[in-house]
Amino acid sequence: MRAIIAIAFIVALITMYPYISNISTASSLKGSYVFKWSEIPVEKRGTIYKSNLNFATKFNNAIKILLEIVGIFVVLLVIVEYYKYYKIHKEGVK
Amino acid sequence: MLKRFSWHQRIAHFVGTISGMMLLITGLPIMFSNNLGWVFSLFGGSSNTMFLHRVFAIILIFSFAYFGTYFILERIVRGRGDSNIKNFGFSAEFISEVVAGAVRDILWTLGLRKERPKFGKYDWIMVGDIYLLPTLAFIEILTGTIMWFPRSFEFITTNPGLFFVIRSIHAGVAFFILLFVLAHAGILHLIPGNFPINMSIFSGKISKRKAEIEHEKWVPLAEEVEGEERSRMSKLCYIFGAITIVNLIALAYVPFAMRSEWFAGLRVGSDGIVSFGLGLGVVTIIVYIIASITAFLKGLKN
């Protein structure tokens, strides 16, 4: 068991190292940290911008629909499960 | 009393939930700045809040890597023990067993089946929790990493607009996790028999009587341990259950109020129901954090 703990601990330390060493990054949207549109060659910029924008809009709409479905599903699930435990503890289960 | 959870499972739950809930509190105000702006003030400004977000992200990443590796290696070395999850949950037999259990359980709840199905250590909803939450956490870690180190990912450097798609996924999944946390607490903690808190994940123990009702197939495999059984039947659970359901209904309305604002992602304006749902959700999570710490410390004493 000690060997498993040691391996898991080493894996965790290695995994979190890049994050700890960059924790002071103020914001990934500031300064030279994020790639800028101005760094894209001017002749390609318009096409890439348009295709990225179309993709982002489609993705936003897809996420919105997914969240609408998930929201309704979660409400129904909680009502059913809550009623189940009410039933279990009121009637008893055989 | 029966031994239900190991030390590692209890600590994994505690560290994962505290870091995950803190990430929700510090991250959701970015997506819902019109409705949760007060959270930034609570932490002394947006810079502090974002710094805290990264600190708790590192804690989550550590616990994900540590406990993920530990549980996989433990399962390989020791086998599945008293767990009913076969072949890491990836066998067709196990999946069909879980689906059949879910259908039969719901049918019994709705009065369409006479006998309630018997479950092993983890019933279908717990199996769902065990697989869904790490999957969602992995998506958040992956998309968070891309946003933290955008220059390390070539598809972002050649398509800067995709950065905002990654941000939308990160925010969308975070909203789903908020629903998940409230539903999880509603189903496993605030229900009759467990209210106000299901101590088994904190103390590692469950009463034999309760286990016989909820996990009948597991009881013969479980290890008996010492401990005092406390009966928990309070009618207050119905009030808190109702509050949780009202909160979830308000939150389920939020996606319907969202609109796509191109690269800015999904945005919501100043809407009373949205602000109520999100505000109550965040306050509830703060209460859950306090309750989790208290229960964990109490569990240590036992």
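Because the structure is a prediction, the values reported are computed rather than measured. (Residues numbered from 1 in each chain as written. Chains lettered and ligands numbered in written order. Predicted model: local features only at pLDDT ≥ 70, side-chain atom pairs only at ≥ 80, totals over all residues.)

A. Geometry of the overall build of chain A. Counting secondary structure elements, chain A contains two helices and zero strands. When burial is assessed residue by residue, chain A has 17% of its 94 residues classed as buried. (Helix = DSSP H or I, 4+ residues; strand = E, 2+ residues; numbered from the N terminus. Buried ≥ 20, exposed ≤ 12 C-beta atoms within 10 Å, placed from the backbone.)

B. Examining helix H3 (residues 46–78) of chain B more closely. Between the first and last C-alpha of H3 of chain B there are 46 Å, a value that for 33 residues agrees with the 48 Å anticipated at 1.5 Å per step. Where H3 of chain B is concerned, the buried positions are Met50, Phe56, Ala57, Leu60, Ile61, Phe62, Ser63, Phe64, Ala65, Tyr66, Phe67 and Tyr70 of chain B. The inward-facing, buried residues of H3 of chain B contact helix H1 (2–21) of chain A together with helix H1 (7–31) and helix H5 (124–148) of chain B. Backbone geometry just after H3 of chain B places Gly79 of chain B at a positive phi near 85°. (Expected span 1.5 Å × (residues − 1). Contact = placed C-beta atoms within 7 Å.)

C. Quick peek at the interface of chain A and chain B. With 54 residues of chain A at the interface, the matching set in chain B holds 58 residues. Sorting the residues of the side of chain A that touches chain B by element identifies H1 and helix H2 (42–91) of chain A as the ones contributing at least two each. With 32 residues, the single largest contributor to the side of chain A that touches chain B is H2 of chain A. Class assignment for the residues of the side of chain A that touches chain B results in 37 nonpolar, 11 polar and six charged. (Nonpolar A, V, L, I, M, F, W, Y, C, P; charged D, E, K, R; others polar.)

D. Highlighting unusual backbone geometry. All names here are of chain B. Between Phe195 and the following residue, Pro196, the backbone shows a cis peptide bond with an omega angle of 5°. Looking at the element boundaries, Pro196 is found in the loop between helix H7 (162–188) and helix H8 (200–203). Backbone geometry places Asn87, a non-glycine residue, at a positive phi of 45°. Assignment of secondary structure puts Asn87 in the loop between H3 and helix H4 (92–109). For Asn87, a count of 12 C-beta atoms within 10 Å gives the class exposed. Phi is positive for Trp262, close to 45°, though the residue is something other than glycine. Positionally, Trp262 belongs in the loop between strand S3 (259–260) and strand S4 (266–267). For Trp262, a count of 14 C-beta atoms within 10 Å translates into the label partly exposed.

Just geometry here; none of it tells us what the structure is for.
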